[in-house]
Amino acid sequence: MTIIALKDGRYVSSDHVLSYQTFSHETRFHMSDGSVVSGNPHGDLYPCFTSAIPALPGFRAIYAIRLDDGWKYVERTVIAWCHTDSGNWPLFAGYLDDGLTEYEAICEPSGKVFDGEGDQFDSLDAWKAFFEEHNLVSELAVAA
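What counts, and where the lines are drawn
Residues numbered from 1 in each chain as written. Predicted model: local features only at pLDDT ≥ 70, side-chain atom pairs only at ≥ 80, totals over all residues. Heavy atoms only, no water. Pairing = 2+ DSSP bridges. Helix = DSSP H or I, 4+ residues; strand = E, 2+ residues; numbered from the N terminus. Axes fitted to C-alpha atoms, helices over the stretch in contact; angles between N-to-C directions. Phe/Tyr/Trp six-rings, centres within 6.5 Å; stacked < 30°, edge-to-face > 60°. Buried < 20%, exposed > 50% of the residue type's maximum accessible area, 1.4 Å probe, protein only. Lys NZ or Arg CZ within 6 Å of the ring centre and 35° of its normal. pLDDT = per-residue confidence, 0-100. Contact = heavy atoms within 4.5 Å. Patch = residues over 30% accessible without salt bridge, like charges linked within 9 Å, V, L, I, M, F, W, Y side chains within 5 Å. Areas by Shrake-Rupley, 256 points an atom, 1.4 Å probe, with all protein chains shown as cover. Salt bridge = Lys/Arg side-chain N within 4 Å of Asp/Glu carboxyl O.

Trainee: Describe in detail the sheet that holds strand β5 (residues 36-39), supporting the description with residues and values.
Mentor: Pairing between the strands of a sheet comes from backbone hydrogen bonds, and it takes one of two forms, parallel or antiparallel. Sheet architecture is open: 3 strands sit in the order β3-β4-β5, paired in antiparallel fashion. Two strands lie at the open edges of the sheet, namely β3 (17-22) and β5, each paired on one side alone. Neighbouring strand axes in the sheet, compared pairwise and without regard to direction, differ in orientation by 20° on average. In this structure, strand β4 (residues 27-31) lies alongside β5, joined through 4 bridges in antiparallel fashion. Paired with Phe 29 across the bridge in β5 is Val 37.

Given below as structure tokens:
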């Protein structure tokens, strides 16, 4: 259950919101008991209506960073999956502000890897070989 704090001090449970409308001056929440609650919430509403499903241990997101002489790979442990209308997206432990915004692939606990294009690989090494073959580091960048 997520609680939505309104700026006037009232609280709304997202579990009881059937729908809501946002206007320039307020948001109207249509509640399961037939009532309507109007007010200005603190922050974005989107996270209040997104569910998180715990991830099994062993899922990792793989990021690729282009270097002058090749690729550096960074892994982040997936702790949950954010379930949205557009799919399931990984959530990571803590707040990360290191500039890594989009992962290239997900490694499953079994060791299999899948990327955003739907390609599947038997191992992380197999995925890295495929990735590097399709994302060559320019010889000009290496020479520089």
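Trainee: Give me the packing of aromatic side chains: which residues, what numbers.
Mentor: If you walk through the whole model with that rule in mind, you get 9 aromatic pairs. Summarising the aromatic geometry, the rings of Tyr 20 and Phe 29 are spaced 6.1 Å apart at their centres and angled 40° between planes, so their arrangement reads as tilted. What makes Tyr 20 partly exposed here is its relative accessible area of 34%. Among the residues examined, Phe 29 registers a relative accessible area of 0% and is labelled buried. Among the aromatic residues, those joined into a ring-pair cluster are Trp 71, Tyr 73, Trp 127 and Phe 131. Seen from the ring of Tyr 63, Arg 76 lies directly overhead, with NZ or CZ sitting 4.7 Å from the centre. Cation over ring: Arg 76 sits above Phe 92, and NZ or CZ is 5.8 Å from the ring centre.

Trainee: Just give me the short version of the confidence of the model for the chain, but keep the residues and values in it.
Mentor: Chain-level pLDDT for the chain is 87 on average; 91% of the residues reach the 70-or-more range. Predicted confidence in the chain is weakest over helix α2 (residues 139-143), with a mean pLDDT of 49, and strongest over strand β12 (residues 120-121), with 96. For residues 140-144, every residue scores under 50 in pLDDT, and the model assigns this stretch 4 contacts once sequence neighbours within four places are set aside.

Trainee: Give a detailed account of a nonpolar patch on the surface, specifying residues and quantitative values.
Mentor: A cluster of nonpolar side chains, Met 1, Ile 3 and Tyr 11, forms an exposed patch at the surface whose accessible area comes to about 410 Å². Relative to the helices and strands, Ile 3 is located in strand β1 (residues 3-5). Assessed through its relative accessible area of 45%, Ile 3 is described here as partly exposed.

Trainee: Kindly report on the environment of Cys 48, identifying the contributing residues and their values.
Mentor: With respect to the secondary-structure elements, Cys 48 resides in the loop between β5 and β6 (51-54). Placed 79 residues apart in sequence, Cys 48 and Trp 127 show a C-alpha to C-alpha distance of 35 Å. The residues contacting Cys 48, other than those within four sequence positions of it, are Thr 2, Ile 4 and Ser 14.

Trainee: Got a sec to walk through the pattern of salt bridges? Specific residues and values, please.
Mentor: Under the definition given, this model contains 4 salt bridges. A salt bridge links Arg 10 to Asp 8, with the shortest nitrogen-to-oxygen separation between them at 2.8 Å. Residue class for Arg 10 comes out partly exposed when judged on its relative accessible area of 36%. In this structure, Glu 75 and Arg 60 form a salt bridge, with 2.5 Å as the shortest nitrogen-oxygen distance. On the criterion of sequence distance, the pair formed by Glu 75 in strand β8 (residues 70-84) and Arg 60 in strand β7 (residues 60-67) is long-range, its members being 15 residues apart. By relative accessible area, Arg 60 is classed as partly exposed at 25%.

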